[in-house]
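One letter stands for each residue in the lines below.
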Amino acid sequence: MMRSTSTSEAKTLLAGDDDAPAPAAYDAVEEAPPVNEANDSCLWGLRIFSTLTTLAGLLVVAVNAVEIANFDESYRMYAVRGYACLFGVMMVFAELEFPRLFLDYFKFLDVWVTKGLFVLFVGVLTLDTKRDDDYGVLQEVTAGIVCTIGSLYAILGLLCVRVYRD
């Protein structure tokens, strides 16, 4: 039951007298609003997706670095592999948002639709034109994973899902 406060009690409360009794409305501790479990699981899903994207970027760097180390392709393919390694590192930096200066310089990686198109492009760069070596299948699997992640980023960007993450 709530107690009504008199005008003298209200004046002492407003004056800041610490000895005055607190009204009953202030005695109750407010409970925190319930956590929306759907939003929490959505955030966990986005964190897992971010972790998978970071790992995919590292996998792109590793696969293309192994192809460069084998040295059995044309010089044009070495340039493509080198750019794929560089873009894989850019994927990792964009996903970790580690050097904020990096995202300030490459603003297109801050928008999910363009980030998805960039990741899709990196996946296409990782595709191998020949499958006769041991790493051809690994490159195709890596390219498939990266292209899938890029497509999901583009779709999630079009659906404005980033608003929930931020």
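Residues numbered from 1 in each chain as written. Predicted model: local features only at pLDDT ≥ 70, side-chain atom pairs only at ≥ 80, totals over all residues. Heavy atoms only, no water.

Moving on to the overall build of the protein chain. Assigned secondary structure in the protein chain consists of eight helices and zero strands. In the protein chain, the order of α-helices and β-strands from amino to carboxyl end is α-α-α-α-α-α-α-α. Within the protein chain, buried positions represent 31% of all 166 residues. Surface accessibility of the protein chain: about 11,000 Å² in total, with carbon and sulfur atoms responsible for 66%. (Helix = DSSP H or I, 4+ residues; strand = E, 2+ residues; numbered from the N terminus. Buried < 20%, exposed > 50% of the residue type's maximum accessible area, 1.4 Å probe, protein only. Areas by Shrake-Rupley, 256 points an atom, 1.4 Å probe, with all protein chains shown as cover.)

It is worth spelling out unusual backbone geometry at this point. Here the phi dihedral of Cys 160 falls at roughly 60 degrees; this positive angle occurs in a residue that is not glycine. Residue placement: Cys 160 occurs in the loop between helix 7 (135-158) and helix 8 (162-165).

On to the nonpolar core, then. Counting 22 residues, the largest nonpolar core has Leu 109 and Phe 118 as its most contacted members. Contributions of two or more residues to this core are made by helix 3 (37-70), helix 4 (75-96), helix 5 (100-105), helix 6 (112-126) and helix 7. Setting aside its immediate chain neighbours within four residues, Phe 118 contacts Phe 87, Met 90, Met 91, Phe 108 and Leu 109. (Core = buried A, V, L, I, M, F, W, Y, C linked by side-chain atoms within 4.5 Å. Contact = heavy atoms within 4.5 Å.)

Look at helix 6 against helix 7: their axes get within 7 Å of each other, and the N-to-C directions meet at 165 degrees. Taken together, helix 6 and helix 7 sit at an angle that is classed as roughly antiparallel. Between helix 6 and helix 7 lies a crossing of left-handed hand. In terms of residue class, the contact of helix 6 with helix 7 is made up of 14 nonpolar, eight polar and one charged. (Axes fitted to C-alpha atoms, helices over the stretch in contact; angles between N-to-C directions. Parallel < 35°, antiparallel > 145°, perpendicular 65-115°, else oblique. Left-handed = near helix turned anticlockwise from the far one by under 90°. Nonpolar A, V, L, I, M, F, W, Y, C, P; charged D, E, K, R; others polar.)

It is the contact of helix 4 with helix 6, at a shortest axis distance of 9 Å, that shows an interaxial angle of 145 degrees. Two packed elements cross with a definite hand, and for helix 4 against helix 6 that hand is left-handed. The residues of helix 6 that touch helix 4, namely those facing Val 80, Arg 81, Ala 84, Phe 87, Met 90, Met 91, Ala 94 and Glu 95, are Lys 115, Phe 118, Val 119, Phe 121, Val 122, Leu 125 and Thr 126. Residue classes in the contact of helix 4 with helix 6 are distributed as eleven nonpolar, one polar and three charged.

Under the 1.5 Å per step criterion, the end-to-end length of helix 4 is 32 Å for 22 residues, consistent within 8% with the ideal 32 Å. Looking one or two places after helix 4, you find Glu 97, whose phi comes out positive at around 50 degrees. (Expected span 1.5 Å × (residues − 1).)

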